[in-house]
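These are the residues of each chain, in order.
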Amino acid sequence: MSFDTPDDRRYMESHEWALEDDGVVRVGITDFAQDELGDVVFVEFPDEGDALEQDAEFGVIESIKAVSDLYAPVSGEVVAINEELFDAPELVNEDPFGDGWMLEIDADDADELEELLSAAEYEEQIA
Amino acid sequence: MTLSKPPLWEHHGDRGAKFTEFGGWDMPVEFDSIQTEHAAVRDDAGIFDVSHMGQIHVTGPDATELMQRLTSNDVTRLEVGDSQYAVITDEEGVIVDDTVVYRLPDEDGEPTYLFVPNAGTDEAAHERWIGHRNEWGLEATVDNRTDEYAMVAVQGPNAPDLVEEAADGSVADLGRFEATYATIDGVECWTARTGYTGEDGFELLFPSTEAERIWTALDCQPCGLGARDTLRLEAGFVLAGQDFDYESNPRTPYEAGIGFTVALDTEFVGRDALAAVDDEGVDEQLVGFQLIDRGVPRHGYDITNTDGRVIGTVTSGTMSPTLEQSIGLGYVPVEYADPGTTLQVVVRGRSKKARVETTPFIDTV
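Residues numbered from 1 in each chain as written. Chains lettered and ligands numbered in written order. Predicted model: local features only at pLDDT ≥ 70, side-chain atom pairs only at ≥ 80, totals over all residues.

Before going further, it helps to examine the overall build of chain B. Of the regular secondary structure elements, chain B holds 8 helices and 19 strands. A compact globule built from 365 residues would reach a C-alpha radius of gyration of about 21 Å, and chain B, at 20 Å, matches this within 12%. Taken along its principal axes, the extent of the C-alpha atoms in chain B is 65 × 50 × 40 Å. Counting contacts in chain B only where the partners sit at least 6 residues apart, residues at least 24 apart contribute 66% of the total. (Helix = DSSP H or I, 4+ residues; strand = E, 2+ residues; numbered from the N terminus. Rg over C-alpha atoms; globule rule 2.2 N^0.38 Å. Contact = placed C-beta atoms within 7 Å.)

Here you go:
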């Protein structure tokens, strides 16, 4: 089985992706992660305005068979959450890198992204 | 420990199944997605490999008495081709396992039974039967045939037509819990109108060497243990090892909501203890509940009253694919067991409001 791993973004070992645009980092989970979880049925996110620390838990994702914590790829303030996922958590399965995004963080220091895995390094991890 | 593999293990792998350990077996948990498989069974038909279930064969002049004294239900009510749900209890009336007992056609003129204990419990059941047979001096042969049998379940509103067609119509007249030998693609299958999903359908037992032939002949959505769990939970069926467990959560059938399996007018191990429980009533019982707040209840989560005092534990929980609501089962003191009672379930440190519901959660056959 092969999984999408777009090379326009960075990855965490815990299977989150981070896509930066002008200091704002959009966060979601990978195609590999959604496949491992199976049918996503529930997400829990912080509120807009909350401060996150890099590598700290920021939320929870639950599928029918498993519960998994979500980890922040960078420190910063939550400036947007994808509220659509509350009613349609299956978007995480259907489009993990697109409509299944979870939140946006105004990064304190976008250079923190450099500490994350490249697409090639992440692909090696899940191989 | 080496995991046992069902005869179709490679076949499932080729089909893209994900596997999980269950009762010492490496079983398919998901073929496509739990929701897809679940919906197929509710709306159409799905097939499950349940070869992890045990098969114990009992025959001989005293087979009926042995079965009667080791299972809670009344085996003497079974004519050839009947089956019944029962529990196996210890002297205290605590459930050791639950099982379905089938009465097979007589062999060599003697009554013959096949019972199906849960995954990984077949050896203990076999030893229990042999031990008591010897202790009581009964004449019966007890064989553990778990490795010789494969077992599949075909479930869903369109499952009867599918199986009837494959069996050339020979099973069309079977009522619930009735069974017969039927030939499917040249293979003789013990075919029973039983199941664990709340839908109509059949469970079939046949030689494990013929598993691929039968699986292929009964072509419909393959389903894994993940969908089996969400389906049985919506139907309010208990799962051994989860909703009761002889070691970690010992329960009587009355507490577990399956008192209907207990025939107190028969003599069986645990009967006297259960008669006393029936007389005095239970302190706690298994209830169904629905979460009102957002969240997913899971096995082991605390149940509290509205004051936040812990009163019980969730034994099973999921997001119901049919209802799109979080549902679960758990034990609570009887004063909290009435439908409509408000409870709380502690989901990762946060109290979520829940309401006691009658089970099954959905309409079942």
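Having seen it, we continue.
Residues and elements named next belong to chain B. Residue placement: G175 occurs in the loop between α5 (159-166) and β10 (179-184). According to the C-beta neighbour criterion, G175 is exposed, with 7 such atoms within 10 Å. Residues G175 and A192, 17 residues apart in the sequence, show an inter-C-alpha distance of 9.0 Å. (Buried ≥ 20, exposed ≤ 12 C-beta atoms within 10 Å, placed from the backbone.)

Below, the discussion takes up the sheet that holds strand β5 (residues 83-89) of chain B. All names here are of chain B. Spatially, β5-β6-β7-β4-β8 is the arrangement adopted by the 5 strands of the open sheet, whose pairing is antiparallel. Either end of the sheet is taken by a strand with one partner, and the two such strands are β5 and β8 (141-144). Averaged over all adjacent pairs, the angle separating strand axes in this sheet is 25°, with direction ignored. The sheet contact formed by β5 and strand β6 (residues 95-107) spans 7 bridges and is antiparallel. Each residue of the ladder has a partner; that of T89, found in β6, is I95. (Pairing = 2+ DSSP bridges. Axes fitted to C-alpha atoms, helices over the stretch in contact; angles between N-to-C directions.)

A word on the domain arrangement of chain B. Quite often, the size of an interface is put as the accessible area lost when its parts meet. Here chain B is described as being made up of domain 1 (9-53 + 148-234), domain 2 (56-144) and domain 3 (283-357). Computed over C-alpha atoms only, the centres of domain 2 of chain B and domain 3 of chain B are separated by 35 Å. (Domains from an automatic or database assignment.)

Ranked by internal contacts, the top residues of the largest apolar core, which has 126 residues, are I105 of chain A together with V58, Y102, V152, V154, V163 and L204 of chain B. Broken down by element, the residue count for this core peaks at 6 residues, all from strand β9 (residues 149-155) of chain B. The residues contacting V58 of chain B, other than those within four sequence positions of it, are A63, L66, M67, Y113, W129, A140 and V142 of chain B. (Core = buried A, V, L, I, M, F, W, Y, C linked by C-beta atoms within 7 Å.)

With that settled, the discussion passes to the packing of helix α3 (residues 63-70) of chain B against helix α4 (residues 122-136) of chain B. Residues and elements named next belong to chain B. Where α3 contacts α4, the two axes come as close as 11 Å, and the packing angle between them is 115°. The angle between α3 and α4 places the two elements in the roughly perpendicular class. The hand of the α3/α4 crossing is right-handed. Contacts between α3 and α4 involve L66, R69 and L70 on the former and, on the latter, R128, W129, H132 and R133. Of the residues assigned to the contact of α3 with α4, the class counts are 3 nonpolar, 1 polar and 3 charged. (Parallel < 35°, antiparallel > 145°, perpendicular 65-115°, else oblique. Left-handed = near helix turned anticlockwise from the far one by under 90°. Nonpolar A, V, L, I, M, F, W, Y, C, P; charged D, E, K, R; others polar.)

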